[in-house]
Amino acid sequence: MSDEDLAACVLQDAVAYDELMRRYEGKLLRYVRRLMQLNVQDAEDLLQETFLKGYTHIGDFDPSLSFSSWIYRIAHNTVRSAYRRFQVRPQVEVTLEDAAVQHLAADVDVAQAADRTLLRSQVRNALAAIPLKYREPLELHYFEGKSVEEISDILQLPRGTVATCMRRGKQRMERFLQQRIPSPDQL
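Computed from a predicted structure; not experimentally measured.

Here is what the cut-offs are and how they apply
- Residues numbered from 1 in each chain as written.
- Predicted model: local features only at pLDDT ≥ 70, side-chain atom pairs only at ≥ 80, totals over all residues.
- Heavy atoms only, no water.
- Helix = DSSP H or I, 4+ residues; strand = E, 2+ residues; numbered from the N terminus.
- Expected span 1.5 Å × (residues − 1).
- Bend = angle between axes of the 7 residues up to and from the residue.
- Axes fitted to C-alpha atoms, helices over the stretch in contact; angles between N-to-C directions.
- Parallel < 35°, antiparallel > 145°, perpendicular 65-115°, else oblique.
- Contact = heavy atoms within 4.5 Å.
- Core = buried A, V, L, I, M, F, W, Y, C linked by side-chain atoms within 4.5 Å.
- Buried < 20%, exposed > 50% of the residue type's maximum accessible area, 1.4 Å probe, protein only.
- Phe/Tyr/Trp six-rings, centres within 6.5 Å; stacked < 30°, edge-to-face > 60°.

Peer 1: Break down unusual backbone geometry for me, citing the residues and quoting the values.
Peer 2: Phi is positive for Gln156, close to 55°, though the residue is something other than glycine. As for its position among the elements, Gln156 is in the loop between α8 (148-155) and α9 (159-180).

Here you go:
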């Protein structure tokens, strides 16, 4: 069954929501951890909050739309609320998937001579350093494989705004990296 069909069944059979949770648990947990730079326990708490909100509001889901975008939107809102709460707490560094980091690094123009291991670490730091409004679309695109249209649905922003946020996020990351990675002539 499709996600949308399962969501429609939840009102009659709550067990259908278990299947939806199983399908999205790993993806949403990784998304929440990376976006908020959280340890596993805090991320799991936010994930539980996300699923609880989703279950509570499943009657509001429009089956003509993508369930994936809908549940990511709930996760996005939950993360935004938590972001304000967690700003005063120390945060734990999270290891991002190397393939996604390399993919994002390829889109950010930095010196080719940089050591790839150092570059991955710097890209992780640069991503963590940019504001959440720029980090979210980059996370969704590079780590969750979402299209600009899906990101637009999740963040409830026009596609052009999403593209602009992605471009500005990459530019900020590039400036961050240029300040920290010496050029080949400085070595």
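Moving on from the coordinates now.
Peer 1: Before we move on, could you go through helix α2 (residues 15-36) and cite the residues and values that matter?
Peer 2: Taking 1.5 Å of rise per residue, the 22 residues of α2 would be expected to cover 32 Å, and the 30 Å separating its terminal C-alpha atoms lies within 8% of that figure. Of all the bends in α2, the greatest measures close to 45° and is centred on Tyr24. A positive backbone phi angle near 55° is found at Gln37, which sits one or two residues after α2.

Peer 1: How would you sum up the packing of α8 against α9? Please name residues and give values.
Peer 2: The N-to-C vectors of α8 and α9 enclose an angle of 100°; their axes lie 9 Å apart at closest approach. The angle between α8 and α9 falls in the class roughly perpendicular. Side by side, α8 and α9 meet where Val148, Glu149, Ile151 and Ser152 of the first sit next to Arg159, Val162 and Met166 of the second.

Peer 1: Mind laying out the nonpolar core, listing which residues take part and the relevant values?
Peer 2: Ranked by internal contacts, the top residues of the largest apolar core, which has 48 residues, are Leu28, Phe67, Ile71, Tyr72, Leu104, Leu138 and Met173. Elements supplying a minimum of two residues to this core: α1 (3-9), α2, α3 (40-56), α4 (67-86), α6 (116-129), α7 (132-143), α8 and α9. At 10 residues, α2 tops the list of elements feeding residues into this core. Ignoring sequence-local partners within four residues, the contact set of Ile71 consists of Tyr17, Tyr24, Leu28, Thr50, Phe51 and Gly54.

Peer 1: I'd like a description of the packing of aromatic side chains, backed by residues and values.
Peer 2: How two aromatic rings sit relative to each other is given by the distance of their centres and the angle of their planes. Under the definition given, this model contains seven aromatic pairs. Note on Phe61 and Phe67: the rings are 5.5 Å apart at their centroids and 80° apart in plane angle, and the pair reads as edge-to-face. Given the relative accessible area of 8%, Phe61 is considered buried. Judged by its relative accessible area of 1%, Phe67 falls in the buried class.

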